[in-house]
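# Structural description and commentary
The chain contents come next:
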Amino acid sequence: MPVSWFLLSLALGRSPGILALERLLGSQDTVRCSPGLSCQLWDGDVLCVQERLVPAPGPVLVPTQLQTELVLRCHQKHDCDLCVRVTLHLAVLGPSEEPEGEAELARAAPAPEVPANGSVQAHVVLSFQDYLVSRCALLEVQVPAARAQPGQSVGSLVFECFEATLGAEVHVFAYTLPRYQQELSLTRQLPALPWVSVSADGDEVQLQLDVSEDQRFGLSVYLNQSRGAPRRWWARNLTGPQTIPLSPQDLLPCLCVQVWPLEPDSIRTSTCPFGTDPRAHRNLWQSVRVQLLPPTGWRLDAPCPVSAVAELCWQAPGGGPCQPLVPPLSPENVTANRALEFPLLEGHPNLCVQVSGWEGPPLLECLWADSLGPPKTDTLLVETRGAPGNGSFCALDARGCTPLLGRASPRTAHIGQQILQDLRAGQCLQLFRDDLVVLWACAMDKYVHRRWALVWLACLLLAAVFVVLGLLKKDPVKGGTRARAALLLYSADDAGFERLVGALASALGQLRLRVAVDLWSRRELGALGPLAWAHARRRQTLQEGGLVVLLFSPGAVALCREWLQAGPPAAVAAPQAAFAAALSCVLPDFLQGRAAGRYVGACFDGLLAPAAVPAPFRAAPLFALPAQMPAFLGALLGAARPARLRASAELVARALRPALDSCVRARGGAGGGE
């Protein structure tokens, strides 16, 4: 696109020296040679193909020196593009001996054709790259045989020219076809617009645009993503000098600024100033997420292009290192924002993805935790298949894979026999299978219970004695040190919102909370029915000093309004039945002033505004998540140190972000609610 004279003047300097830049008229590429040489530019696009090195079979032409020069290619008097002119010096290379021990170079190139006029011919490729374009030009050059003396320079050729972008770093390469020596290369940083700069004062980062008072220009701040169109944050038309503050949390390596004068045919010039900023890379890895794509797909979501190593691992309950699984996903390089596949037969809450690629601890995401709950006490059984009836079994643990039979200890062998009996009886879940390895998840609850039954009984009796002694000495404290109960009630508007609720429930379950949600109680819900389940759970939660959390969505608000205006609805679809049933006992508490201390409400940023919640339900604290996450957790957890509360809020907010972003995208980003 033509560059305005004003823009080029800014980029290349305000002094009259700009007029000294040579200007080329027309848009066609050309080539010219020094006297004594003959050269020609091949028409059309040329593939940038580099062949292997081959020995020179006789006198051949090769490039010896590469130079570049900035010129202007002008379509009209004041509409010009910045262009890179390439000058290439050539010399004659004599025959080369075949290198010893290199089979790749054993095949000598065919001798160059010598035309009847007695000249040596060469095909030279010029390759040009910047962050926007990559193209090649093929030049044919001939030198008379009388001048083709090995080791002598024969002249030069000039190619005009490769169009470039202001501020770009360009790379130019030159080599011959066939390739008789290593290519020549040159890197050059082109002038950028001096009116865009970044200043940092402590944690404050500012974009500064130094232009004249009356200059009008456009400004766009966006994320430059490798796949798809750039993700624009905002764009404005501005006038005069500007200072624009940026939050340190918003800095990312691919955060770019695009500026252009508000004039016809003006070029848009971009700069990405945070590519090497450590804060930007820390923010990037804090925002990386692993997303499950049902039924067996997954994706590494990141706002910027990122190269990472991912592996599937097995996470035991209670934390500890996640044990890598070579099958079915060995450590491999993955690209962000690209759908991948797990060759799994079934999902399991203990299966996680571990991603590493930058300084700091690796990212661990247990993808099925939202739908299947927290990690179980199951063991992962690895079956190594051999000849029929000749396979071996081991159980994965922190020490590696412990054999169940053979050289296993007597206790391990005894439990191993029982696990194998369960496996043969069909009580283990097959997660993966190929010709060599089968992975099984086998429940260990009953073995743990048998082994520790007497120990637990003694602990319970001892605990009971301490409780009685405590009750004799002082009044009971409501709730004690036991994890507080929290019942989440929500309307399952769609599968995306249900995943969002599951993510919130799983994250809260990692804190000092005992979370109940119908998503994890489908069997109990089916046995009792929505009404009985909701009433029983609400009563149990309140009796234990817990809180009932109402998660408002557009569907939940519609049900609440229907209750307030016309009483119980005649029929409610199955996904919303639990929430509709719960309203029959929740609503009286709000209308009769009994909500304080028993209920809290929450809605999600981008899905529903707090003002859309009906007035009677605002009698209890109402929070917007994740913006008010610290206050929300403070209401659920009670007294807690502010630092710990902020850390917990950040963890929960991070767990919510992928599901919330997915919901907002699915609903078109309409965040106002009703």
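Here goes a summary of the coordinates provided. The shown structure was predicted, so the numbers you read here are calculated from the model rather than taken from an experiment.

## Here we look at the sheet that holds strand S17 (residues 255-261)
Sheet strands pair by backbone hydrogen bonding; their relative direction is either parallel or antiparallel. Here four strands make up an open sheet; going across it, the order is S15-S14-S17-S18 and the pairing antiparallel. The open sheet has two edge strands, strand S15 (231-239) and strand S18 (269-271), and neither has a second partner. For this sheet, the mean inter-axis angle between neighbouring strands, taken without regard to orientation, is 20°. As defined by bridge partners, strand S14 (residues 216-223) adjoins S17 across seven bridges and the pair is classed as antiparallel. Counterpart to Tyr222 in the pairing with S17 is Cys256.

## Regarding helix H2 (residues 278-287)
Within the sequence span of H2, burial applies to Ala280, Asn283, Leu284 and Trp285. The secondary structure elements touched by the buried residues of H2 are strand S21 (307-314) and strand S25 (351-356). Where H2 begins, the side chain of Asp277 points an oxygen toward the backbone nitrogen of Arg279, at a separation of 2.9 Å.

## Looking at a nonpolar patch on the surface
On the surface, a nonpolar cluster with roughly 290 Å² of combined accessible area is contributed by Tyr131, Leu132 and Val133. Relative to the elements of secondary structure, Val133 occurs in the loop between strand S7 (119-129) and strand S8 (134-144). Given a relative accessible area of 37%, Val133 falls into the partly exposed group.

## Topic: empty space enclosed by the protein
Here the idea is plain: a probe the size of a water molecule rolls over the atoms and shows the empty space left. Considering all chains together, one arrives at two cavities of 30 Å³ or more under this definition. Its boundaries defined by the atoms lining it, the second largest cavity holds a volume of some 30 Å³. In terms of lining residues, the second largest cavity is bounded by Leu550, Phe552, Phe590, Val600, Gly601, Phe617, Ala620 and Pro621. Within the lining of the second largest cavity, the residues separate by chemical class into seven nonpolar, one polar and no charged.

## A word on the pairing of strand S31 (residues 437-442)
The element S31 is extensively covered by neighbouring structure, given that six of its six residues are classed as buried. Across the two faces of S31 the burial is the same, with Val437, Leu439 and Ala441 and Val438, Trp440 and Cys442 all buried. Looking at chain direction, strand S27 (residues 379-384) and S31 are connected through six bridges and run antiparallel. By the bridge assignment for S31, Thr384 is matched with Val437. In the sheet, strand S30 (residues 429-433) pairs with S31 via four bridges, with the strands oriented antiparallel. Bridge assignment links Gln430 to a residue of S31, and that residue is Trp440. Between the end of S30 and the start of S31, which pair antiparallel, lie three residues.

## Some words on the environment of Gly319
Its location among the elements puts Gly319 in the loop between S21 and strand S22 (323-324). Along the sequence, Gly319 and Pro375 sit 56 residues apart, while their C-alpha atoms lie 9.3 Å from each other.

## As for the packing of helix H9 (residues 554-566) against helix H10 (residues 577-591)
Taken N-terminus to C-terminus, the directions of H9 and H10 make an angle of 60°; their axes are 11 Å apart at the nearest point. One way to sum up the angle between H9 and H10 is to call them oblique. Seen along the crossing, H9 lies across H10 with a hand that is right-handed. Every residue of H10 that contacts H9 at Ala556, Leu559, Cys560, Trp563 and Leu564 is listed here: Phe579, Ala580, Leu583, Ser584, Leu587 and Leu591. For the contact of H9 with H10, the residue count by class is 10 nonpolar, one polar and no charged.

## Topic: the state of the cysteines
Evaluation of the coordinates by the stated rule reveals eight disulfides. Across the disulfide, Cys254 is cross-linked to Cys304 (sulfur-sulfur distance 1.9 Å). Across the disulfide from Cys254 to Cys304, rotation about the S-S bond amounts to roughly -75°, and the bridge is consequently left-handed. Remark: Cys304 occurs in the loop between strand S20 (297-301) and S21 and Cys254 occurs in the loop between strand S16 (242-246) and S17; sequence separation between them is 50 residues. Residue Cys304 is classed as buried on the basis of its relative accessible area, which comes to 2%. At a sulfur-sulfur separation of 2.0 Å, the disulfide partner of Cys352 is Cys366. Residues Cys352 and Cys366 are joined through a disulfide that is right-handed, its torsion about the S-S bond being 85°. Residue Cys352 is found in strand S25, and its partner Cys366 is found in the loop between strand S26 (363-365) and helix H3 (369-372); the two are separated by 14 residues along the sequence. Among the residues examined, Cys352 registers a relative accessible area of 0% and is labelled buried.

Parameters and conventions
- Residues numbered from 1 in each chain as written.
- Predicted model: local features only at pLDDT ≥ 70, side-chain atom pairs only at ≥ 80, totals over all residues.
- Heavy atoms only, no water.
- Pairing = 2+ DSSP bridges.
- Helix = DSSP H or I, 4+ residues; strand = E, 2+ residues; numbered from the N terminus.
- Axes fitted to C-alpha atoms, helices over the stretch in contact; angles between N-to-C directions.
- Buried < 20%, exposed > 50% of the residue type's maximum accessible area, 1.4 Å probe, protein only.
- Contact = heavy atoms within 4.5 Å.
- Polar contact = N/O pair within 3.5 Å; in protein donor to acceptor, adjacent residues only side chain to side chain.
- Patch = residues over 30% accessible without salt bridge, like charges linked within 9 Å, V, L, I, M, F, W, Y side chains within 5 Å.
- Areas by Shrake-Rupley, 256 points an atom, 1.4 Å probe, with all protein chains shown as cover.
- Salt bridge = Lys/Arg side-chain N within 4 Å of Asp/Glu carboxyl O.
- 1 Å grid on protein atoms, 1.4 Å probe; cavity = no way out; pocket = protein on both sides within 12 Å on 5 of 7 lines; lining within 4 Å.
- Points joined across faces, edges and corners; volume = space filled by probe spheres on them.
- Nonpolar A, V, L, I, M, F, W, Y, C, P; charged D, E, K, R; others polar.
- Parallel < 35°, antiparallel > 145°, perpendicular 65-115°, else oblique.
- Left-handed = near helix turned anticlockwise from the far one by under 90°.
- Disulfide = S-S within 2.5 Å.

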